Amino acid sequence: MSSSGRPWRTKVAVAVGQGAGTASRWLGRGHGSVIGGRIAMLIDPAVIEHLTAGRPVTIVSGTNGKTTTTRLVAEALRTERVVASTRGANMPQGMVGALAAEADELVLEVDEIYLPGVAAATKPTVLLLLNLTRDQLDRITEIRRVAELWRTLMTDITWPLTVVANADDPLVAWSVATLPGVVWVSAGGRWSEDAALCPSCGRVRSIEPGRPWHCACGFNRPDVAWWLDDHVLHGPDGFVRRLQPRLPGSFNLGNAAMAVAAAAVRGVDPHGAAAGVEAVHDVAGRYATVNVAGHATRLLLAKNPAGWSETLELLLESRGSLVVCINARSADGTDPSWLWDVPFERLAGRTVIAGGDRRLDLAVRLEVAGVAHIVVDDVVAAIAALPAGPVEVAATYTAFHDLLEALHVAW
Amino acid sequence: MSPGERSVRIVHLYPTILGLYGDRGNALVLAHRARRRGFRAEVLVVAHGEVIPVDGDVYVLGGGEDVAQIAATDGLRSDGGLARALGEGAALLAVCAGLQVLGETFSASGSEVQGLGLLDVTTGRREVRAVGELVADPVGIPGLPLLTGFENHGGVTTLGPKATTLARVVSGVGNGDGSGTEGAVQGRIVATYLHGPVLARNPALADHLLALRLGPLEPLSDPTVDRLRAERLAAASR
């Protein structure tokens, strides 16, 4: 549907919402996408349904990599089409701005818990499911519950939908196991601590690194259509191409493979899609390198143990000074107990600058891990005071956004 | 025996299935505090299906989801090593789901499950999950300062006559059975709903568990933990 064909209530909702969003940005309160969307939804509760009607929608969900993969899918589709996508906001209120844009196709990041509601409202053509691991347990409470929500969603699908799913995550595989025609991708994942039990039968599985997961009950990793052999991506019909994303880490290689697979399902040439994906070098400030008082400072978002298992590798590869910022506001999850699931012991020998609201929780963790650390109130001042050289900053969700604001980084 | 000659063995049970809320930190903190006093200390991680050694000093059980809880109960029962170790004087810290599986019965995946019967408690299901900061006065272990941590559970735990209260709730929910109690103590078992993990935020409780095996311990200076405790206690009273 073109914007002129939308119901008047939807047009008013979008216009007022955009006005509020602009005011919010002008007041220095971030993107303004959430407040704008909230107001738009008050005026037209069905605004999301109305804005997506008649346009193909791809939804990206999962615990880690949502924002990045949403961007990668959008860039893959943009090699052939005009695409609008969300930029980090993943709850319904935050999506309205992206949906209102003139575009052939839409790519939306959706929070794991909100997925059933948003899917029902937007009737996506493609659903890209990344992974399910522990995160914000004060809100999510149990990971199994999310997988059950997804599984119920799959039985409620009444429209043509292709699911592109990470076959290497047993919980994701279980959540869509009842649906025919899933496009399985072997996207990997270092973290396996939330998959020790077979989601199907409850048995304790033996986890053998490097081998596809399997269980005595017969619930095994599905056969995959897309897989990575080191950096070489293999796909259907003999597709083979070296994949060299500019985004760092094996995790983003997996995200890139998922994005290419989703774009191929949307009918985009996978070679072109891969080139589009490779060109992305930062996403909503994540992985961006900015200058802080002469220090080349790379910004990494790490908000849970699975994300940290990837981030630790990046920190270990780097010779730069290390800064870690931990908050526990509602968007981060209010319980930072998960810090003890991160093997910070591996940073022994380095010195970590500990910042954020919960810097003392981090300091106690680092003390027990035997990692030298300095607790600071002002992270930006602490970076400025460092000896010359690069800096790596890893921060939780709200700490990351505080930092973007303090550094005046647009995202 | 001087500390240098005494090796302390911490046994961390089933961390891949009962270890959802960072509770593995409890094992790390116990070993760390023993080492700071000059003891040799090791953390032995026992996975589900492996034989549980009976010669450990302090055993640690963490929290997890329903399916994991049932699998852990089956594993602990068929192995039998934990019960034997307790019989030989070992100490045990059990957190959240760990507390529940030690009891007579608990509720998981919609049914009542037979627990290990090592702790005289029964656990039913709460309608509204208890999630948030929890502060409790540890009346069950004299001389300990306030306990601070984070609870995240759906249990209602009632103590039987053989178990005593670990603490009285100052703020938060705790056992949630209307008695205002939090956790349980029975012999050398200390059971609690506190994550955080609990021993990182309450090193005096860690020292209590170590002292059950090692005798009186010299005090340690913990300025960072003291600051963290002051911050969390202030946050919980707001």
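Relevant structure appears above.
For clarity, every value in this text was computed on a predicted model and none was experimentally measured.

A. Quick look at the overall build of chain A. In terms of regular secondary structure, chain A is built from 15 helices and 15 strands. In terms of overall dimensions, chain A is globule-like: its C-alpha atoms have a radius of gyration of 21 Å, near the 22 Å expected for 411 residues. The principal-axis extents of the C-alpha atoms in chain A amount to approximately 60 × 55 × 40 Å. For chain A, buried positions account for 54% of its 411 residues.

B. Structural context of the pairing of strand β4 (residues 126–129) of chain A. Residues and elements named next belong to chain A. Residues of β4 alternate between two faces, with V126 and L128 on one and L127 and L129 on the opposite face, all of them buried. Pairing geometry for strand β1 (residues 57–61) and β4, over four bridges, is parallel. Bridge pairing links V60 to L128 in β4. One ladder, built from four bridges, connects β4 with strand β5 (residues 162–166); its direction is parallel. Each residue of the ladder has a partner; that of L129, found in β5, is A165.

C. Representation of helix α7 (residues 223–237) of chain B. The end-to-end C-alpha distance of α7 of chain B, which contains 15 residues, comes to 21 Å, matching closely the 21 Å that a straight helix rising 1.5 Å per residue would cover. Where α7 of chain B is concerned, the buried positions are V225, L228, R229 and R232 of chain B. Along the axis of α7 of chain B, the buried residues cluster in a sector spanning 100°; they form a single face. Those residues of α7 of chain B that are exposed and aimed more than 90 degrees away from the buried face are P223, D226, A230, A234 and S237 of chain B. Against α13 (359–369) of chain A together with β7 (121–137), β8 (147–159), α5 (198–201) and α6 (203–214) of chain B lie the buried residues of α7 of chain B.

D. Local environment of the sheet that holds β1 of chain A. Residue and element names in this part refer to chain A. What the nine strands build is an open sheet, ordered β2-β3-β1-β4-β5-β6-β7-β8-β9; its pairing is mixed. Looking at which strands have only one partner, the edges of the open sheet turn out to be β2 (83–85) and β9 (240–242). Direction aside, neighbouring strands of the sheet carry axes that sit 15° apart on average. Pairing analysis gives three bridges linking β2 to strand β3 (residues 105–109), with the strands arranged parallel. The partner of V83 across the bridge, within β3, is E105. Strands in contact with helix α5 (residues 92–100) are β2 and β3; relative to β3, the strand with the most contacts, it is inclined by about 160°.

Parameters at a glance
- Residues numbered from 1 in each chain as written.
- Chains lettered and ligands numbered in written order.
- Predicted model: local features only at pLDDT ≥ 70, side-chain atom pairs only at ≥ 80, totals over all residues.
- Helix = DSSP H or I, 4+ residues; strand = E, 2+ residues; numbered from the N terminus.
- Rg over C-alpha atoms; globule rule 2.2 N^0.38 Å.
- Buried ≥ 20, exposed ≤ 12 C-beta atoms within 10 Å, placed from the backbone.
- Pairing = 2+ DSSP bridges.
- Expected span 1.5 Å × (residues − 1).
- Arc of directions from axis to C-beta.
- Contact = placed C-beta atoms within 7 Å.
- Axes fitted to C-alpha atoms, helices over the stretch in contact; angles between N-to-C directions.

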